[in-house]
Amino acid sequence: MKTLKKILLSLCIAASMGAVSTSALAETDAGRVTYKPAEAIDMVVAKIQLAIEGISKGASNDEAAALIKPAIDLSKEINANDKVDNARSKANRKLKSAMTHVKESSLQEAEQELKDAKKDFEALKSLI
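Residues numbered from 1 in each chain as written. Predicted model: local features only at pLDDT ≥ 70, side-chain atom pairs only at ≥ 80, totals over all residues. Heavy atoms only, no water.

Colleague: How do you make sense of the side chain of His101 when you look at a structure like this?
Modeller: Inspection of the secondary structure assignment puts His101 in helix α4 (residues 82–103). Excluding anything up to four places from it in sequence, His101 contacts Ser106, Glu109, Ala110 and Glu113. (Helix = DSSP H or I, 4+ residues; strand = E, 2+ residues; numbered from the N terminus. Contact = heavy atoms within 4.5 Å.)

If you want it as structure tokens, here you go:
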């Protein structure tokens, strides 16, 4: 009986060590689209550029906020490693600051914040 217990315990340990990790088999949700980090960065930069162009053409506060919001949302899709995530969060703060300036009706400062954020997001590619 002792031998049988040892054999069963050994088999359980071996089976648990040989099992594939569930995180390796993790998949995205059915309706969710995932992007490679470089693609996500390009998409965010494009959205920021649209917001800059909209503000320079004289968009209202609500229109400018509507142009900045997709860039903020898409920035959450950038995930490569810790360095990239830290730099992304710093650049994202500039986007949020631009949104705050838009709400305060200071579109000049918002445009400058967007230009700075665009530079920061473009610099993320070197960290990938």
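Colleague: Where do I start with the pattern of salt bridges in this structure?
Modeller: Should the charged atoms of two oppositely charged side chains come close, the side chains can pair. This structure, assessed with the given rule, holds five salt bridges. As a salt-bridge pair, Asp120 and Lys94 come within 2.6 Å of each other at their nearest N and O atoms. In this pair, Asp120 is assigned in helix α5 (residues 107–123) and Lys94 in helix α4, connecting sequence segments 26 residues apart. On the basis of relative accessible area, Lys94 is assigned to the partly exposed category, the value being 26%. (Salt bridge = Lys/Arg side-chain N within 4 Å of Asp/Glu carboxyl O. Buried < 20%, exposed > 50% of the residue type's maximum accessible area, 1.4 Å probe, protein only.)

Colleague: Quick question: what am I supposed to make of the packing of helix α3 (residues 61–75) against α4 here?
Modeller: Pairs of packed helices are described in terms of their axes, by the angle between the two and the distance that separates them. Axis separation between α3 and α4 bottoms out at 9 Å; the angle between their running directions is 165°. Classed by the angle they form, the pair α3 and α4 counts as roughly antiparallel. The chirality of how α3 crosses α4 is left-handed. Touching Asn61, Ala64, Ala65, Ile68, Lys69, Ala71, Ile72 and Ser75 of α3 are Arg88, Asn92, Leu95, Lys96, Ala98, Met99 and Val102, all from α4. Considered class by class, the residues forming the contact of α3 with α4 number nine nonpolar, three polar and three charged. (Axes fitted to C-alpha atoms, helices over the stretch in contact; angles between N-to-C directions. Parallel < 35°, antiparallel > 145°, perpendicular 65-115°, else oblique. Left-handed = near helix turned anticlockwise from the far one by under 90°. Nonpolar A, V, L, I, M, F, W, Y, C, P; charged D, E, K, R; others polar.)

Colleague: When you look at the packing of helix α2 (residues 37–56) against α5 in this model, what are you seeing that I'm missing?
Modeller: With their axes 10 Å apart at the nearest point, α2 and α5 run at an angle of 160° to one another. On the basis of their axis angle, the class for α2 and α5 is roughly antiparallel. Crossing handedness for the pair α2 and α5: left-handed. Judged by residue contacts, Ile41, Val44, Val45, Ile48, Gln49, Ala51, Ile52, Ile55 and Ser56 of α2 engage Leu107, Ala110, Glu111, Leu114, Lys115, Ala117, Lys118, Phe121 and Glu122 from α5. Residue classes in the contact of α2 with α5 are distributed as twelve nonpolar, two polar and four charged.

Colleague: Sorry if this is basic, but what is going on with a nonpolar patch on the surface here?
Modeller: On the surface, Met1, Leu4, Ile7, Leu8 and Leu11 cluster together into a nonpolar patch covering about 550 Å² of accessible area. Structurally, Ile7 is set in helix α1 (residues 2–18). Judged by relative accessible area, which is 44%, Ile7 ranks as partly exposed. (Patch = residues over 30% accessible without salt bridge, like charges linked within 9 Å, V, L, I, M, F, W, Y side chains within 5 Å. Areas by Shrake-Rupley, 256 points an atom, 1.4 Å probe, with all protein chains shown as cover.)

Colleague: I tried to follow the nonpolar core on my own but got confused; where do I start?
Modeller: For soluble globular proteins, the rule of thumb is that nonpolar side chains tend to be buried together. Core analysis: the largest hydrophobic core is formed by 26 residues, its most contacted members being Ile48, Ile68, Ile78, Leu95, Leu114 and Phe121. Elements supplying a minimum of two residues to this core: α2, α3, α4 and α5. Considering each element in turn, this core owes the most residues, eight residues, to α2. (Core = buried A, V, L, I, M, F, W, Y, C linked by side-chain atoms within 4.5 Å.)

Colleague: Looking at this structure, I do not really get the environment of Lys96. What am I missing?
Modeller: Here Lys96 lies in helix α4. For Lys96, a relative accessible area of 47% puts it in the partly exposed group. In sequence terms Lys96 and Ala110 are 14 residues apart; their C-alpha atoms lie 9.5 Å from each other.

Colleague: Sorry if this is basic, but what is going on with α5 here?
Modeller: The end-to-end C-alpha separation of α5 is 24 Å, in line with the 24 Å expected for 17 residues at 1.5 Å each. Every buried residue of α5 is accounted for by Ala110, Glu111, Glu113, Leu114, Ala117 and Phe121. Buried residues of α5, viewed axially, fall in a sector of 160°; they line one side. α5 presents Gln108 and Lys119 as exposed residues on the side facing more than 90 degrees away from its buried surface. In this structure, the buried side of α5 is in contact with α2, α3 and α4. (Expected span 1.5 Å × (residues − 1). Arc of directions from axis to C-beta.)

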